[in-house]
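Breakdown of the fold
If you want the building blocks of each chain, they are given just below.
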Amino acid sequence: MADYETILVEQRGPVTLITLNRPKALNALNSQVMDELTNALAAYDADDSQGCAVLTGSEKAFAAGADIKEMCELDFADVYNRDFFAGYDRFTATRKPVIAAVAGYALGGGCELAMMCDFILAADTAKFGQPEIKLAVTPGMGGSQRLTRAVGKAKAMEMCLTGRMMDVHEAERAGLVSRILPGDELVAEAIKTAELIAGMAPIAVKANKEMVNAAFETTLQQGVMFERRLFHGIFGTQDQTEGMAAFIEKRPGNWKGK
Ligand code: CO8
């Protein structure tokens, strides 16, 4: 496995566990984190032995945002010419699922990174916010768009304009978080959930992810058609035949990924 400096990557059976590892900077996301994270996810996506990934941080911080110390010297020409943060498009290009396991602060880029994952499991300590306005900037990794889609305009607008943080209960009520867990069970429960997903037929996993994501990009009619066509296509897989036979024969499915 590649050597990384800002993240830890472990394979736990079929689950890739990625831990952000810049504790002194509360896992602030600099360019090195972005490169290492997107490389690790590309390797995970390409590895047939891996079926689901979990991305986590520390107990204190999932990530406290983009690295302000890296950004503070940059001017418009720097960020525009480098298309700053465009590297994260590689993150969202991951075709297999990625679960965010969030404890502590998920602020700015940290909240945006959690929202790039397929769903968020959160510890009771988790706090979410887009405080960029306090630095006289704006979200830059998709926060204004993904937060608005996740929690609606009223809350997203208030959070972006005031920088107020949501605690985990508010985040769950608002639909940002799928489940709240006790802090000491967060990573274990996320891995258990990831194992469950990794045990499903791989093509069906990718297809389900693609379909749900399509709901953010299309009209209802186009989305329903996209779903139906992918559903039709799944009937060309060996795993569909096996899955239905296994149900009728009351046994677990034996997936081929074909
Ligand atoms: N970047 C760099 N370093 C950070 C960051 C960060 N985002 N967050 C914390 N750190 C560092 C601190 O500087 C400190 O380092 P040092 O010990 O060397 O002083 C260390 O981490 C510990 O932090 P604190 O001492 O501040 O810890 P506290 O427990 O007192 O406070 C907070 C925790 C509340 C999380 C506080 O650290 C904080 O407010 N952090 C900044 C949060 C923030 O503003 N995040 C948004 C950043 S901007 C962004 O994500 C997107 C910008 C998009 C711009 C688009 C440009 C193209």
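Residues numbered from 1 in each chain as written. Predicted model: local features only at pLDDT ≥ 70, side-chain atom pairs only at ≥ 80, totals over all residues. Heavy atoms only, no water.

Going by this rule: UniProt positions are given in the numbering used here, feature names are shortened, and annotations may be inferred rather than shown by experiment.
If you check an unreviewed UniProt entry, the protein appears there as enoyl-CoA hydratase from Stakelama tenebrarum. Quoted verbatim from the Sequence similarities (unreviewed entry) field of the UniProt record, the comment on the protein reads "Belongs to the enoyl-CoA hydratase/isomerase family." Turning to the protein, the UniProt annotation filed under Function (unreviewed entry) states: "Could possibly oxidize fatty acids using specific components."

**Let's talk about the sheet that holds strand β10 (residues 179–181)**
Selection rule: Should DSSP find at least two bridges between two strands, the strands are regarded as paired. Labels follow the DSSP assignment, with helices taken as runs of H or I lasting at least four residues and strands as runs of E lasting at least two, numbered in each case from the N terminus. The convention used is that axes are lines fitted to C-alpha atoms, helices contributing only their stretch in contact, and that angles between N-to-C directions extend from 0 to 180 degrees.
Across the sheet, six strands lie side by side as β1-β2-β3-β5-β7-β10; this open sheet has mixed pairing. Each edge of the sheet is formed by a strand with only one pairing partner; in this case those strands are β1 (7–12) and β10. Recorded for the sheet is a direction-independent mean angle of 20° between the axes of neighbouring strands. The pairing of strand β3 (residues 52–56) with strand β5 (residues 98–102) spans four bridges and is parallel. The residue of β5 that forms the bridge with Thr56 is Ala101.

**Points about the site of the ligand**
Test applied: Proximity is defined per residue: any heavy atom of the residue falling within 4 Å of a molecule or strand makes that residue near it. For the purposes of these results, a polar contact is taken to be a pair of N or O atoms within 3.5 Å, where, inside protein, one atom must be able to donate a hydrogen and its partner to accept one; residues adjacent in sequence count only when each atom of the pair is a side-chain atom. Areas reported here follow the Shrake-Rupley algorithm with a probe of radius 1.4 Å; residue values treat only the protein chains shown as occluding.
Around the ligand lies a shell of 22 residues, among which Lys60, Ala64, Ala66, Ile68 and Gly109 are the nearest. The contact in question runs from an oxygen atom of the ligand to an N or O atom on the side chain of Lys60, over 2.6 Å. In the complex, the protein chains occlude 64% of the 1,100 Å² of accessible area that the ligand would expose alone. Elements supplying a minimum of two residues to the shell around the ligand: α2 (68–71) and β6 (105–107). For the shell around the ligand, the element with the most residues is α2, which contributes three residues.

**Describing unusual backbone geometry**
In the Ramachandran plot, Leu26 falls in the positive-phi region, its phi being about 50° despite a non-glycine side chain. In this fold, Leu26 is placed in the loop between β2 (15–20) and α1 (31–46). Of note in this structure, Lys250 is not a glycine but carries a positive phi near 55°. For Lys250, the position within the fold is in the segment after α12 (238–248).

**Focus: the sheet that holds strand β4 (residues 61–63)**
With mixed pairing, four strands are arranged side by side in an open sheet as β4-β6-β8-β9. Taken across any chain shown, the strands that pair with only one partner, and hence form the sheet edges, are β4 and β9 (166–167). Bridging between β6 and strand β8 (residues 127–129) involves three bridges; their strand directions are parallel. Across the sheet, Tyr105 pairs through a bridge with Lys127, a residue of β8.

**Here's the deal with helix α6 (residues 143–151)**
In plain terms, the rule: Residue burial is assigned from relative accessible area. The probe radius is 1.4 Å, only protein chains are included, and a residue is buried under 20% of its type maximum, exposed over 50%, and partly exposed in between. Starting at the helix axis, one direction is taken to each C-beta atom, and the arc is that of these directions. The contact criterion used is simple: two residues touch if any of their non-hydrogen atoms lie within 4.5 Å.
Regarding α6, the residues found buried are Gly143, Leu147 and Val151. Across the axial projection of α6, the buried residues extend over an arc of 25°, all falling on one side. Those residues of α6 that are buried are in contact with α5 (109–116), α7 (153–162) and β9. Directly after α6, the chain includes Gly152, whose backbone phi takes a positive value near 90°.

**What about the nonpolar core?**
Generally speaking, nonpolar side chains in soluble globular proteins are found buried as a group. Rules: What we call a nonpolar core is a set of buried Ala, Val, Leu, Ile, Met, Phe, Trp, Tyr and Cys residues that are connected through their side-chain atoms within 4.5 Å.
If you look at the biggest cluster of nonpolar residues, it comprises 60 residues, and the most contacted ones within it are Leu37, Leu55, Tyr88, Phe91, Leu113, Ile120 and Phe128. Residue contributions to this core peak at six residues, all from α1. If near-sequence neighbours (up to four positions away) are discounted, Ile120 is found in contact with Ala100, Val102, Ala114, Met115, Phe128, Leu176, Val177, Ser178 and Arg179.

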